[in-house]
Amino acid sequence: MSKTIRIGTRDSELALYQANAVKSQLEHLGHKTVLVPVKSTGDIVLDKPLYELGITGIFTRTLDIAMLNGDIDIAVHSLKDVPTILPKGIVQAAVLKRGNVRDTLVYKTTEEFLGAREAVIATSSLRRKAQWLNRYPTHTIEDIRGNVNTRLEKLKNTSLFNAAIFAAAGIGRLGLRPETAVNLEWMIPAPAQGAIMVAALEKDEETRAILAEINHEETQICTQIEREFLNKLEGGCTAPIGALCYIKDEEVNFEGVLLSPNGTKKITVQRVKKLGEHTDIATWCADYVIDKGGKHLMDSIKESTKITNVYSTKSLTEDQRLLFHEKVVAQSSDFIKISLNRIAPRLLKNEIENVVITSKNAVEALLTNFSAIELQFKNIYCVGRRTKRLVENRIGKVKHSEKNAKKLAEHLVEYMDGNQVTYFCSDLRLDDLPTILEENNINVKQIEAYQTKFDSLEIPNTVEGVMFYSPSTVKSFKQENTVTNTMIAFCIGETTAKEARHYFNDVRVAKVPTVESVIELVNKHYV
């Protein structure tokens, strides 16, 4: 090749080391080269937007644009920093023989902190953090940023840090590995860690042919498997994923890991295939991780990075969460806690003619204290479809049910036989039902079956709508949160909505008193 190959590189010390390694190998083969450090993309003009070209990598974007713009012929990267899908028109043309793949722990004086309950480890890598906390759950991880020199200096000067984690290849290539450094053989590295990659334009066949001469085939095979595993798992999501592949005795050995960001959940996979029969190894391992709970874990990680716009004051099941519209990012927790009371046997000694049950909690309280046979009720009246279903499945037939307590009270006044009801209720029950009945000369015997305790928390300030399921959830919410003028209350029924109207300007009521109907109400707003 007669022309000089322009080698694009970032201008950090480590990037220049990697670019010079490529330069040296190309010049050894007789090719002319020149380094072109690229600093900024601000003055580069392209015909198409970056997103149309698929330019995404934070560490590779500047060089991608420079190459597409014709300012450089090739670009040199740490392969672990390169997105698994390259921009249109750019290809991986070579990968050099891999360096040390391991992560390295650099500590200040001694390793005694490893046996201590409390220690502070510095790293900004999500993967390193998750694996460290999985192994040392009581330790604390602190962010540390900057190039290798800067991070080593911060470790030295920050009294809080016991140690920091680095890529062994990085500190080794720069000759900065201190005596107080030890490789973490148990920690699975980032996919393609320790490998230097050279990218070129797909249409530049002459340059690609030259780069093929410095390509290390074994490293290419192994890093390709690791990156394919990463690609099949991540789906555009940044997650704690590790992968390591190596060839020994004509066999391809692979080990992969996916963790939750806090390290509490960990899914590992190992696979060995004969060289030449290894093409499906990444797919097999990714599918294995997904089947072992990886899909749920990845979905959770993706959701955690989104901005929450709806909050449920009752914990939602996985099936319920799947019902939300794609524009809804919902979190949930129980804003009230239920404590079942002991009900004295003497209260149910004789058959009770008219019984009122307005919640499933009252049903659970009754069945905790008595067997179904002991519950001698002649006429059972209840509120809500699900309460009715639970009563009929576990106690006996329901004579009549209504959507809310007020409507049930009105029905009882009109149609009930006798002039007395026994009402199994909470300590925080509303007055609607007993007030209406007593105003109409019906005696109400109230038995406190359970206690409702507020257990509110402060919700994110991005929340636009709150889902409520009882007046108590509204009251609990208000203990820790301020209602904004634009916030919407999505309510399970009219009784709940009545309480919400004390605080919310926009209150919406579900068609039927079920969680699914409240979700439908939310979805309708976000369509």
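Residues numbered from 1 in each chain as written. Predicted model: local features only at pLDDT ≥ 70, side-chain atom pairs only at ≥ 80, totals over all residues. Heavy atoms only, no water.

Participant: I'd like a rundown of the overall build of the protein, residues and numbers included.
Facilitator: When helices and strands are tallied, the protein shows 17 helices and 24 strands. Computed over its C-alpha atoms, the radius of gyration of the protein comes to 32 Å, more than 25% above the 24 Å expected for a compact globule of 527 residues. Oriented by its inertia axes, the alpha-carbon framework of the protein measures out at about 105 × 55 × 50 Å. Split into buried and exposed, the 527 residues of the protein put 48% on the buried side. Counting only contacts in the protein whose residues sit at least 6 apart along the sequence, the fraction spanning at least 24 positions is 64%. (Helix = DSSP H or I, 4+ residues; strand = E, 2+ residues; numbered from the N terminus. Rg over C-alpha atoms; globule rule 2.2 N^0.38 Å. Buried < 20%, exposed > 50% of the residue type's maximum accessible area, 1.4 Å probe, protein only. Contact = heavy atoms within 4.5 Å.)

Participant: Talk me through the sheet that holds strand β6 (residues 120-122); I want residue IDs and the actual numbers.
Facilitator: In space, the 5 strands of this open sheet follow the order β7-β6-β8-β5-β9, with mixed pairing throughout. Two strands close off the open sheet at either side, each with one partner strand: β7 (140-142) and β9 (181-183). Across the sheet, the mean angle from the axis of one strand to that of its neighbour is 30 degrees, orientation sign disregarded. Against the sheet, helix α4 (residues 126-135) makes contact with β5 (103-107), β6, β7 and β8 (163-167), and its axis sits at roughly 130 degrees relative to β8, the strand it touches most. The strands touched by helix α5 (residues 148-157) within the sheet are β5 and β8, with β8 carrying the most contacts at an inclination of about 165 degrees. (Pairing = 2+ DSSP bridges. Axes fitted to C-alpha atoms, helices over the stretch in contact; angles between N-to-C directions.)

Participant: Break down the nonpolar core for me, citing the residues and quoting the values.
Facilitator: Here is a general trend for soluble globular proteins: nonpolar side chains tend to be buried in one another's company. Membership of the largest hydrophobic core comes to 24 residues, with the highest contact counts inside it found for I225, F229, I241, F254, L258 and V289. With 8 residues, helix α9 (residues 281-304) is the single largest residue contributor to this core. Excluding residues within four positions of it along the chain, V289 makes contact with F229, L233, L258, I267, V269 and G294. Grouped together as the second largest cluster of nonpolar side chains are 23 residues, L348, L375, V398 and A449 included. (Core = buried A, V, L, I, M, F, W, Y, C linked by side-chain atoms within 4.5 Å.)

Participant: An account of the state of the cysteines is needed here, citing residue identities and associated values.
Facilitator: Tallied over the entire structure, the rule returns 0 disulfides. C245 provides the cysteine sulfur closest to C285, a residue in no disulfide bond, and the two sulfurs are 8.9 Å apart. The cysteine C425 is free of any disulfide, with C382 supplying the nearest cysteine sulfur at 15 Å. (Disulfide = S-S within 2.5 Å.)

Participant: Tell me about unusual backbone geometry, residues and numbers included.
Facilitator: Glycine aside, a negative phi is what most residues show, and trans is what most peptide bonds show. Located in the positive-phi region is A192, a residue other than glycine, with phi close to 70 degrees. Along the chain, A192 turns up in the loop between β9 and β10 (196-201). Judged by relative accessible area, A192 falls into the buried class, the value being 0%. Despite not being glycine, N441 shows a phi value in the positive range, around 60 degrees.

Participant: Got a sec to walk through the packing of aromatic side chains? Specific residues and values, please.
Facilitator: Scanning the entire structure with this criterion turns up 11 aromatic pairs. Residues W132 and Y136 carry aromatic rings whose centres are separated by 4.6 Å and whose planes lie at 35 degrees to one another, so their mutual orientation is tilted. Each member of the pair, W132 together with Y136, is buried. Look at Y136 and W186: their rings are 6.5 Å apart centre to centre, the planes differ by 70 degrees, and that puts the pair in the edge-to-face class. Taken together, the positions of Y136 in the loop between α4 and β7 and W186 in the loop between β9 and β10 put the pair 50 residues apart, joining distant regions of the chain. (Phe/Tyr/Trp six-rings, centres within 6.5 Å; stacked < 30°, edge-to-face > 60°.)

Participant: Tell me what's going on with the packing of helix α11 (residues 360-369) against helix α12 (residues 385-394), and back it up with residues and numbers.
Facilitator: It is the contact of α11 with α12, at a shortest axis distance of 9 Å, that shows an interaxial angle of 20 degrees. As summarised for this structure, α11 and α12 are arranged roughly parallel, according to the angle between their axes. From α11, K360, V363, E364 and L367 reach across to α12, where they touch R386, T387, L390, V391 and R394. A per-class count over the contact of α11 with α12 returns 4 nonpolar, 1 polar and 4 charged. (Parallel < 35°, antiparallel > 145°, perpendicular 65-115°, else oblique. Nonpolar A, V, L, I, M, F, W, Y, C, P; charged D, E, K, R; others polar.)

Participant: Can you lay out a positive patch on the surface for me, pointing to particular residues and giving the numbers?
Facilitator: Taken together, the side chains of K314, K360, R385, R389, K403 and K407 present a region of like positive charge at the surface. Looking at the secondary structure, you find R389 in helix α12. (Patch = residues over 30% accessible without salt bridge, like charges linked within 9 Å, V, L, I, M, F, W, Y side chains within 5 Å. Areas by Shrake-Rupley, 256 points an atom, 1.4 Å probe, with all protein chains shown as cover. Salt bridge = Lys/Arg side-chain N within 4 Å of Asp/Glu carboxyl O. Lys, Arg positive; Asp, Glu negative; His and termini not counted. Charge placed at Lys NZ, Arg CZ, Asp CG, Glu CD.)

Participant: Let's hear about the environment of I442: which residues, and what values?
Facilitator: For I442, the location among the structural elements is in the loop between α14 (432-439) and β21 (443-454). Linking I442 and E414, residues 28 residues apart in sequence, is a C-alpha distance of 11 Å. With residues up to four places along the chain from it excluded, the contact list for I442 reads L412, V413, M416, N419, Q420, V421 and L437.

Participant: Quick rundown of the environment of S124? Include the residues and the values.
Facilitator: Of note, S124 is situated in the loop between β6 and α4. For S124, a relative accessible area of 31% puts it in the partly exposed group. Each C-alpha atom of the pair S124 and I165 lies 8.9 Å from the other, and the pair is 41 residues apart in sequence. When near neighbours in sequence (up to four residues on either side) are disregarded, S124 contacts D143, I144 and R145. In this structure the side chain of S124 is engaged in a polar contact, spanning 2.7 Å, whose partner is the backbone oxygen of I144. (Polar contact = N/O pair within 3.5 Å; in protein donor to acceptor, adjacent residues only side chain to side chain.)

Participant: For the side chain of N404, give the residues involved together with the corresponding values.
Facilitator: Locating N404 in the fold gives a position in the loop between β19 (400-402) and α13 (405-415). Since its relative accessible area comes to 11%, N404 is described here as buried. Among all residues touching N404, those that are not within four sequence positions of it are V383, E494 and T495.

Participant: Could you give an account of helix α17 (residues 515-526), with specific residues and numbers?
Facilitator: With 12 residues, α17 should reach 16 Å at 1.5 Å per residue; the first-to-last C-alpha distance of 17 Å fits that figure. Within α17, burial applies to V515, S517, V518, I519, L521, V522, N523 and Y526. Each element contacted by the buried residues of α17 is listed here: β14 (310-312), α10 (318-321), β22 (465-468), β23 (488-491) and β24 (506-509). (Expected span 1.5 Å × (residues − 1).)

Participant: How would you summarise the pattern of salt bridges if you had to cite specific residues and measurements?
Facilitator: This model, assessed by the stated rule, comprises 17 salt bridges. Two residues, D455 and K337, come together in a salt bridge whose shortest N-O distance is 3.6 Å. You can see D455 sitting in the loop between β21 and β22 and its partner K337 sitting in strand β16 (residues 336-340), a full 118 residues away along the chain. The class for D455 is partly exposed, based on a relative accessible area of 35%.

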